[in-house]
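Structure assessment
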Amino acid sequence: MCGIVGLFAKSPGIEERLGVHLTAMLAQMSNRGPDSAGVAVYRDPAPFGSSKLTLYSADPHEHWGALCDELGDAFGGEHEPNVRASHAVVLVETGAAEAEAWVRSRHPELRVMSAGRVIEIYKEVGRPEVFADQFHLTDVHGTHALGHTRMATESRVTTEGSHPFSTGLDLCLVHNGSLSNHNTLRRALRREGIEFQTENDTEVAAGYLAWRLREGASLEQALEGCLDDLDGFYTFAVGTADGFAVLRDPIACKPAVLAETDDWVAMASEYHAIAVLPGADDARMWEPEPGVVYVWEQARV
Amino acid sequence: MSDTVSTGTSRAGEWHPGLRESYLFDRNTIAEIQRAAREGIYDIRGFGAKRSLPHFDDLLFLGASVSRYPLEGYRERCDTNVTLGTRFAKRPLELKIPVTIAGMSFGALSAPAKEALGRAATEVGTSTTTGDGGMTPEERGHSKLLVYQVLPSRYGMSPDDLRRADAIEVVVGQGAKPGGGGMLLGYKISDRVAAMRDLPKGIDQRSACRHPDWTGPDDLEIKIGELREITDWEKPIFVKVGATRTYYDVQLAVKAGADVIVVDGMQGGTAATQDVFIEHVGIPTLCAIPLAVQALQELGLHREVQLIVSGGIRTGADVAKALALGADAVSIGTAALVAMGDNSPEYEEQYRKIGSSAGFYDDWQAGRDPAGISTQDDELASHFDPVLGGRKVANYLRVLTLETQTLARACGKSHVHNLEPEDLVALTIEAAAMARVPLAGTNWIPGLNGSL
Amino acid sequence: MVTGTEPVTEVVDLALTPLRELNQRLHDVATAGEGPRHWRVVNPRGAHAVACGLDAELDVEIDGHVGYYCAGMNQLATVRVRGNAGTGLAENMMSGLVVVDGSASQSAGATGRGGLLVVRGDAAARCGISMKGVDIVVRGSVGHLSAFMAQTGCLVVCGDAGDALGDSIYEARLYVRGTVAGLGADCIEKEMREEHVAQVRDLLARAEVDDVDPADFRRYGSARQLYTFKIDNAGAY
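Residues numbered from 1 in each chain as written. Chains lettered and ligands numbered in written order. Predicted model: local features only at pLDDT ≥ 70, side-chain atom pairs only at ≥ 80, totals over all residues.

A short note on the overall build of chain C
A tally of helices and strands in chain C yields two helices and 11 strands. Starting at the N terminus and ending at the C terminus, chain C contains elements arranged as β-α-β-β-β-β-β-β-β-β-β-α-β. Taken over C-alpha atoms, the radius of gyration comes to 19 Å for chain C, in line with the 18 Å a tight globule of 237 residues would show. With respect to the principal axes defined by its C-alpha atoms, chain C has extents near 65 × 35 × 30 Å. For chain C, the residues scored as buried account for 57% of the 237 residues in total. Put simply, of all contacts in chain C between residues at least 6 apart along the chain, 26% involve residues at least 24 apart. (Helix = DSSP H or I, 4+ residues; strand = E, 2+ residues; numbered from the N terminus. Rg over C-alpha atoms; globule rule 2.2 N^0.38 Å. Buried ≥ 20, exposed ≤ 12 C-beta atoms within 10 Å, placed from the backbone. Contact = placed C-beta atoms within 7 Å.)

With respect to the overall build of chain A
Looking only at helices and strands, chain A has eight helices and 16 strands in total. A compact globule built from 301 residues would reach a C-alpha radius of gyration of about 19 Å, and chain A, at 18 Å, matches this within 12%. With the principal axes as the frame, chain A shows a C-alpha extent of 50 × 45 × 40 Å. Taking all 301 residues of chain A together, 54% fall into the buried category. In chain A, once contacts between residues fewer than 6 apart in sequence are set aside, the share between residues at least 24 apart is 71%.

Brief notes about unusual backbone geometry
In most cases, non-glycine residues show a negative phi, while peptide bonds are predominantly trans. Look at the link from histidine 163 of chain A to proline 164 of chain A: it is a cis peptide, with omega at 5°. Structurally, proline 164 of chain A can be placed in the loop between strand S8 (144–150) and strand S9 (165–168). Backbone geometry places arginine 303 of chain B, a non-glycine residue, at a positive phi of 80°. Tracing the chain through its elements places arginine 303 of chain B in the loop between helix H9 (285–298) and strand S12 (306–310). Note on arginine 303 of chain B: 13 C-beta atoms within 10 Å, which makes it partly exposed. The phi dihedral of methionine 149 of chain C falls on the positive side, at around 50°, and the residue is not glycine.

Thoughts on the interface of chain B and chain A
Across the boundary between the two partners, chain B contributes nine residues, which contact 14 residues of chain A. Of the residues that constitute the side of chain B that touches chain A, the class distribution is three nonpolar, two polar and four charged. (Nonpolar A, V, L, I, M, F, W, Y, C, P; charged D, E, K, R; others polar.)

Thoughts on the nonpolar core
Counting residues in each nonpolar core, the largest one holds 304 residues, and the members touching the most others are Ala258, Ile261 and Ala292 of chain B together with Ala51 and Leu155 of chain C. When residues of this core are assigned to their parent elements, the largest contribution, nine residues, is made by H9 of chain B. Split by domain, this core shows at least three residues from each of two domains, domain 1 (2–42 + 124–297) and domain 2 (45–117) of chain A. (Core = buried A, V, L, I, M, F, W, Y, C linked by C-beta atoms within 7 Å. Domains from an automatic or database assignment.)

Observations regarding helix H1 (residues 19–32) of chain C
Taking 1.5 Å per residue, 14 residues should reach 20 Å; H1 of chain C reaches 20 Å between its end C-alpha atoms and fits that length. Those residues of H1 of chain C not exposed but buried are Leu22, Asn23, Leu26, His27 and Val29 of chain C. In a view along the axis of H1 of chain C, the buried residues occupy a sector of 140°, so they form one face of it. H1 of chain C presents Glu21 and Ala32 of chain C as exposed residues on the side facing more than 90 degrees away from its buried surface. In this structure, the buried residues of H1 of chain C make contact with helix H6 (217–230) of chain B together with strand S1 (9–13) and strand S2 (38–42) of chain C. (Expected span 1.5 Å × (residues − 1). Arc of directions from axis to C-beta.)

Some details on the sheet that holds strand S6 (residues 116–119) of chain C
Residues and elements named next belong to chain C. Pairing is mixed in the open sheet, where 11 strands are placed in the order S1-S2-S3-S4-S5-S6-S7-S8-S9-S11-S10. Each edge of the sheet is formed by a strand with only one pairing partner; in this case those strands are S1 and strand S10 (187–190). Along the sheet, successive strands turn relative to each other by an average axial angle of 15°, direction set aside. As defined by bridge partners, strand S5 (residues 97–100) adjoins S6 across four bridges and the pair is classed as parallel. Its bridge partner lying in S6, valine 99 is registered against valine 118. (Pairing = 2+ DSSP bridges. Axes fitted to C-alpha atoms, helices over the stretch in contact; angles between N-to-C directions.)

Concerning helix H7 (residues 246–255) of chain B
Because an α-helix packs 3.6 residues into every turn, residues spaced three or four apart end up facing the same way. Residue and element names in this part refer to chain B. Counting buried positions along H7 gives eight out of 10 residues, so the element sits mostly inside the fold. For H7, the set of buried residues is Thr246, Asp249, Val250, Gln251, Leu252, Ala253, Val254 and Lys255. Buried residues along H7 sit against H6, strand S9 (237–242), strand S10 (260–264) and H9. Of the residues one or two after H7, glycine 257 is the one with positive phi, at around 110°.

Details of the environment of aspartate 377 of chain B
All names here are of chain B. One can find aspartate 377 in the loop between helix H12 (348–353) and helix H13 (378–381). Judged by local crowding, aspartate 377 falls into the partly exposed class, with 16 C-beta atoms found within 10 Å. Taking C-alpha positions, aspartate 377 is 46 Å from arginine 77, a pair spaced 300 residues apart along the chain.

Some remarks on the interface of chain B and chain C
Contacts between chain B and chain C engage 22 residues on the former and 37 residues on the latter. Looking at which element gives the most residues to the side of chain B that touches chain C, the answer is H6 of chain B, with five residues. The class makeup of the residues in the side of chain B that touches chain C is 10 nonpolar, four polar and eight charged.

Describing the pairing of strand S12 (residues 243–248) of chain A
Regular strands place their side chains on alternate faces of the sheet. Residues and elements named next belong to chain A. With respect to burial, S12 is a largely interior element, five of its six residues being buried. Here five bridges tie strand S11 (residues 232–239) to S12, and the two strands are oriented antiparallel to one another. Looking across to S12, one finds that glycine 239 is bridged to phenylalanine 244. Connecting the antiparallel pair S11 and S12 is a turn made up of three residues. Of the pairings in the sheet, the one linking S12 to strand S16 (residues 294–297) comprises four bridges and is antiparallel in character. In the strand pairing of S16, valine 246 is matched with tyrosine 294.

A closer look at the domain arrangement of chain A
All names here are of chain A. Domain annotation for chain A reports domain 1 (2–42 + 124–297) and domain 2 (45–117). Using C-alpha coordinates to define each centre, domain 1 is positioned 24 Å away from domain 2. Contact residues are listed per partner, giving 12 residues for domain 1 and 12 residues for domain 2. Its residues placed into classes, the side of domain 1 that touches domain 2 shows five nonpolar, four polar and three charged.

Quick look at the sheet that holds S16 of chain A
All names here are of chain A. An order of S9-S10-S11-S12-S16 is seen for the five strands of this open sheet, with the pairing classed as antiparallel. The open sheet has two edge strands with one neighbour each: S9 and S16. Sheet twist, expressed as the average angle between the axes of neighbouring strands with direction ignored, equals 20°. Relative to S11, strand S10 (residues 171–179) runs antiparallel, the two sharing eight bridges. When the bridges of S11 are listed, valine 174 appears paired with alanine 237. Of the strands in this sheet, S9, S10 and S11 touch helix H7 (residues 201–214), which is tilted by about 135° from S10. Contacting S11, S12 and S16, helix H8 (residues 219–229) runs over the sheet at an angle of about 20° to S12.

Things to note about the environment of isoleucine 136 of chain C
Residues and elements named next belong to chain C. Inspection of the secondary structure assignment puts isoleucine 136 in strand S7 (residues 132–138). A residue is classified by how many C-beta atoms lie within 10 Å of it, and isoleucine 136, with 34 of them, is buried. The sequence separation of isoleucine 136 and leucine 116 amounts to 20 residues, and the corresponding C-alpha distance is 5.8 Å.

Re the packing of H7 of chain A against H8 of chain A
All names here are of chain A. At a minimum axis separation of 9 Å, H7 and H8 run at an interaxial angle of 125°. With respect to H8, the element H7 is oriented oblique. In this structure, H7 meets H8 at a crossing whose hand is right-handed. Contact residues: H7 offers Ala205, Tyr208, Leu209, Arg212 and Leu213, while H8 offers Gln221, Ala222, Gly225, Cys226 and Asp229. In the contact of H7 with H8, the residues fall into six nonpolar, two polar and two charged. (Parallel < 35°, antiparallel > 145°, perpendicular 65-115°, else oblique. Left-handed = near helix turned anticlockwise from the far one by under 90°.)

Shown next, in the form of structure tokens:
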């Protein structure tokens with residue numbers, strides 16, 4: 001099972017210190033998720049025509065610089081990798097889908113954690129406090145972020161099995177709960193061409209959303225589809241380029257708390273992860289209704 | 001709720017040409033289909049799984065030989081003590097023998113039956129466990145060591161009882177019905193049971209299968225924290241599961257903070273549940289133990305978080321084999337009831353009157369037990385002598401212990417906990433694969449290695 | 001210096017003091033039979049199991065939001081939360097009074113066996129689940145599956161109730177002033193007679209809710225059709 005946190009900045013002050021707040025929130029969730037941790041941060045948009053990939057390597061001496069040179073040769077430009085622990089964020093002068101496909105075919109030994117214009121996903125096994133430290137999470141700024149701490153239920157504790165799962169460009173999913181029909185869904189989604197790396201039920205939910213979006217559904221429609229097609233218990237938080245969405249299953253046994261001030265909107269499995277935010281004492285607090293899709297988005301300029 | 005007796009012997013030996021029984025539609029199956037057609041409700045009964053399953057009988061010990069030396073019986077020590085709850089509790093449980101009495105409710109059992117269990121356990125230095133109805137003063141009075149269950153129903157739950165208990169057992173499920181809740185039919189909801197459970201008298205108690213205030217191991221972690229806070233961290237917290245996805249369940253229970261894990265295999269008994277639940281849900285005790293032990297070993301907590309195993313423990317051989325596979329202790333339920341007189345031939349005439357027979361009686365849900373054990377009827381319960389019953393169960397517990405020691409000594413062990421999987425071999429391929437010990441006469445453990 | 005008329009309040013700051021110490025000190029008053037009666041807890045910041053297992057006539061005020069199981073298994077004490085409460089507020093309370101100024105998360109008052117629980121804001125899903133004698137008054141609304149398998153006791157909801165109210169209810173009494181999104185299995189509306197109005201009036205008074213009219217409530221309870229297993233009810237199981 002797990003802990004979920006989400007933070008959406010409404011003011012520049014919160015944007016600058018997004019990583020600081022996210023780290024504090026994650027630490028509060030380590031008891032319900034001691035096995036691994038992960039975050040999806042939305043920040044530093046790639047220039048128009050470019051995209052960002054977050055890549056993972058099992059090799060501690062991975063030559064990220066050489067990879068960037070290759071990408072420069074293929075698509076133009078000269079960019080340095082932004083390395084954090086076992087991950088690197090690389091800027092590629094082409095669309096995200098093409099960049100991702102290139103890496104998957106040329107460097108199958110690397111794992112693509114995320115692809116898009118704004119998203120960066122970091123995830124690793126180990127306690128959340130250690131994760132935050134390894135990845136210098138407190139340095140990170142951004143417009144919004146989702147975080148997750150994992151207590152593995154029926155699949156192994158691995159890096160790939162950690163959340164957030166990337167469901168598509170600039171999209172990600174974190175989950176607290178346990179699905180009961182994910183094996184059947186996985187088989188159906190495989191037939192639709194969705195690929196899976198783990199036995200994890202959350203990965204199936206992420207694949208389901210990716211499939212629905214690919215087939216033309218809006219995010220709301222895809223999430224509403226979960227109510228019909230997914231069986232089990234879940235609180236989902238989905239990250240998008242502009243914000244995030246939250247959905248609880250109709251039985252709603254797994255927790256979810258939402259809070260809002262003039263400076264931020266936050267979501268967590270337990271209130272004490274929100275209590276660490278500035279102004280939390282006076283925040284408006286509520287719980288999402290079961291079976292209802294909630295969406296927050298940055299106003300587009 | 002079955003009234004038909006299936007002795008299975010009514011026509012045994014009475015063969016003539018043309019009488020050929022179907023394997024699929026045998027007499028028992030036919031009788032059950034006809035009962036369902038008559039009554040329009042599923043068959044509810046007590047007892048555990050009755051069908052044949054891979055079990056401890058499929059394992060054998062490798063006794064002493066030229067390479068291993070035995071210990072002398074009686075003279076050379078073979079210790080049997082076990083400590084439960086060393087992980088976090090201020091006051092772990094110290095047991096003299098590695099056999100405890102499993103959770104059985106007052107309601108499912110009569111008051112004198114619960115008293116007998118308490119007397120026996122106290123006499124031999126082990127614990128009893130409350131059930132789905134709460135703690136009675138008699139049980140607390142008669143049991144020196146009492147484990148208090150926290151079940152989905154929370155019938156009779158009280159902080160005073162929590163504080164009076166010696167350990168607390170959070171029940172996620174039991175082997176007879178993993179995923180099902182407690183069940184008590186109207187005839188057993190007497191005035192006293194109704195009062196304890198805050199229910200109207202004489203109705204059929206409906207069951208909750210999930211806890212009311214937590215779902216999932218992450219929230220269980222917080223719940224265990226609350227129970228510890230209420231009892232000032234003094235008492236060990238057990239988590240009990242029916243054996244299904246045992247490897248994950250044990251890891252999750254440990255991550256949620258359990259001091260002790262109780263794994264109840266599918267053969268575990270019950271006072272009342274649907275026959276289909278008993279026979280078709282859960283995995284056998286034999287394969288649950290290695291899964292639980294593996295989970296604990298991978299977390300580096302085997303023996304630090306203790307493992308109690310139940311479900312079909314009948315003899316000292318079963319006890320010794322469970323310990324050899326890595327359990328710290330076992331728990332008995334059905335066996336304790338049989339020891340104190342359930343299904344005894346002395347009640348044969350009364351069993352016949354209610355459509356059953358000694359050795360077959362499993363309608364524990366009906367509350368008409370002539371032995372006075374699984375009944376709330378005062379008249380029937382008065383037939384049961386708790387002092388005599390207690391002595392019988394104490395005798396039986398001593399025999400279990402002596403048998404375990406005999407086998408352990410033959411394997412050269414000075415403590416029953418030193419029994420290990422390598423002391424065992426299996427008689428069948430299934431048992432070898434499930435228990436993860438070699439097929440006798442070979443090195444082969446199906447699934448783990450390939451050599452014969 | 002303590003005068004005869006001013007109670008001394010013991011203040012505990014959970015930002016500085018471990019929760020374990022707070023709860024131990026509260027429990028010690030019960031064990032010792034003496035000790036401070038009035039307590040104020042500050043900076044709870046969503047901590048779990050605050051003031052749980054109390055067993056004496058204490059008066060505990062908590063300044064801020066609490067996490068799960070606040071006042072769990074409360075006996076004899078009065079606990080006030082000046083904020084919101086997480087899951088399982090006052091679960092299995094035996095007696096005494098628990099009041100929350102804000103809202104409560106799910107399973108508020110779960111399996112409670114006595115005493116009075118008051119939520120001035122909203123309570124979420126499963127309010128009063130499996131209640132066994134506690135009285136609960138909610139000034140706001142309650143979520144779905146409230147009073148699920150409620151055995152005995154009283155739930156008074158001044159706002160609305162969510163879906164599946166009183167599913168599989170036994171003998172508990174439910175009063176709702178607003179709309180009920182849906183009734184659960186075996187739960188039906190029942191006649192509101194003078195004695196029921198009186199019961200609501202009494203509970204509202206004890207809960208210090210004085211801005212609603214007891215006559216505006218409707219009563220819900222068990223149809224008692226599930227009290228014995230009958231095949232015709234198979235759809236309800």
